[in-house]
Amino acid sequence: MATAIRFDAGQFDVPEVLPLRTQPHPRQRYLAGMEDARRFAGGARLTAEITPLDERLQPCGVAFAGDVEWRAADTMTVWHARPARSPYLAVDVPCEGGNRQRIILRVTQCESFGLDYAIRGDVMGS
């Protein structure tokens, strides 16, 4: 035995509702476009120079090169062949015009993906 459900289109007609693209939620209205505020492309991997930092944000190891990728406006992933042993990282990301922007990253997760390590962290500031 099959059950058939019929919806009357006129019953659900709401003329005041607009698509999300033209009318965002009130809380989203303030955050719209923040992910595009940085000067480099999101989601693209960039090669950056990374320096390990201790709890006092002082260099505690040798700088190394790694690939960085933005996950969100305040989250970044560093890809490298070795795991991160320090609680913070200073990431020098290349920007337009040959300049570099230093970003302080608080390491929240470090996991292995085959031969590489994904070091995820929260951006503390630049």
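This text goes with the structure placed above it.
Residues numbered from 1 in each chain as written. Predicted model: local features only at pLDDT ≥ 70, side-chain atom pairs only at ≥ 80, totals over all residues. Heavy atoms only, no water.

From N to C terminus, the protein includes 1 helix and 6 strands. Secondary structure of the protein in N-to-C order comes out as α-β-β-β-β-β-β. Considering the protein as a whole, with its 126 residues, one finds that 27% of them fall into the buried category. Considering only intrachain contacts with a sequence separation of at least 6, the fraction spanning at least 24 residues in the protein is 47%. (Helix = DSSP H or I, 4+ residues; strand = E, 2+ residues; numbered from the N terminus. Buried < 20%, exposed > 50% of the residue type's maximum accessible area, 1.4 Å probe, protein only. Contact = heavy atoms within 4.5 Å.)

As a further point, take the nonpolar core. Of all hydrophobic cores here, the largest spans 15 residues; its most connected members are Ile 50, Val 68, Met 76, Val 78, Leu 89 and Val 91. Breaking this core down by element, the ones donating at least two residues are β1 (46–53), β2 (64–72), β3 (75–80), β4 (88–94) and β5 (100–113). Filtering out sequence-adjacent residues up to four positions away, Leu 89 remains in contact with Ile 50, Thr 51, Pro 52, Leu 53, Ile 103, Ile 104, Leu 105, Val 107 and Ile 119. (Core = buried A, V, L, I, M, F, W, Y, C linked by side-chain atoms within 4.5 Å.)

Looking now at the pattern of salt bridges. Counted by the stated rule, this structure contains 6 salt bridges. A salt bridge links Arg 45 to Glu 69; the shortest N-O distance between them is 3.5 Å. Of this pair, Arg 45 sits in the loop between α1 (26–31) and β1 while Glu 69 is found in strand β2, placing the two residues 24 residues apart along the sequence. Residue Glu 111 is joined to Arg 120 by a salt bridge in which the shortest nitrogen-to-oxygen separation is 2.6 Å. Counted as one network, the salt bridges with shared partners bring together Arg 45, Glu 69 and Arg 71. (Salt bridge = Lys/Arg side-chain N within 4 Å of Asp/Glu carboxyl O.)

Right, let's get into the pairing of β3. Within β3, 5 of the 6 residues are buried, which leaves it mostly tucked inside the rest of the structure. When β2 meets β3, the two strands line up antiparallel, connected through 5 bridges. Bridge pairing in β3 links Val 68 to Val 78. Here β2 folds back onto β3 in antiparallel fashion, the turn holding 2 residues. Pairing between β3 and strand β6 (residues 116–125): 6 bridges, direction antiparallel. Among the inter-strand pairings, Thr 77 is bridged to a residue of β6, identified as Arg 120. (Pairing = 2+ DSSP bridges.)

A word on the side chain of Thr 77. Mapped onto the elements of the fold, Thr 77 is located in strand β3. Judged by its relative accessible area of 0%, Thr 77 is buried. At 3.4 Å, the side chain of Thr 77 and the side chain of Arg 71 are in polar contact. Not counting residues up to four positions away in its chain, the partners in contact with Thr 77 are Asp 67, Val 68, Glu 69, Arg 71, Ala 118, Ile 119 and Arg 120. (Polar contact = N/O pair within 3.5 Å; in protein donor to acceptor, adjacent residues only side chain to side chain.)

Our next topic: the packing of aromatic side chains. Within the structure shown, the criterion is met by 1 aromatic pair. Their ring planes at 50 degrees and their centres at 5.8 Å tell us that Trp 79 and Phe 113 sit as a pair that is tilted. Residue Trp 79 is located in strand β3, and its partner Phe 113 is located in strand β5; the two are separated by 34 residues in the primary sequence. According to the relative accessible area criterion, Trp 79 is buried, its value standing at 13%. (Phe/Tyr/Trp six-rings, centres within 6.5 Å; stacked < 30°, edge-to-face > 60°.)

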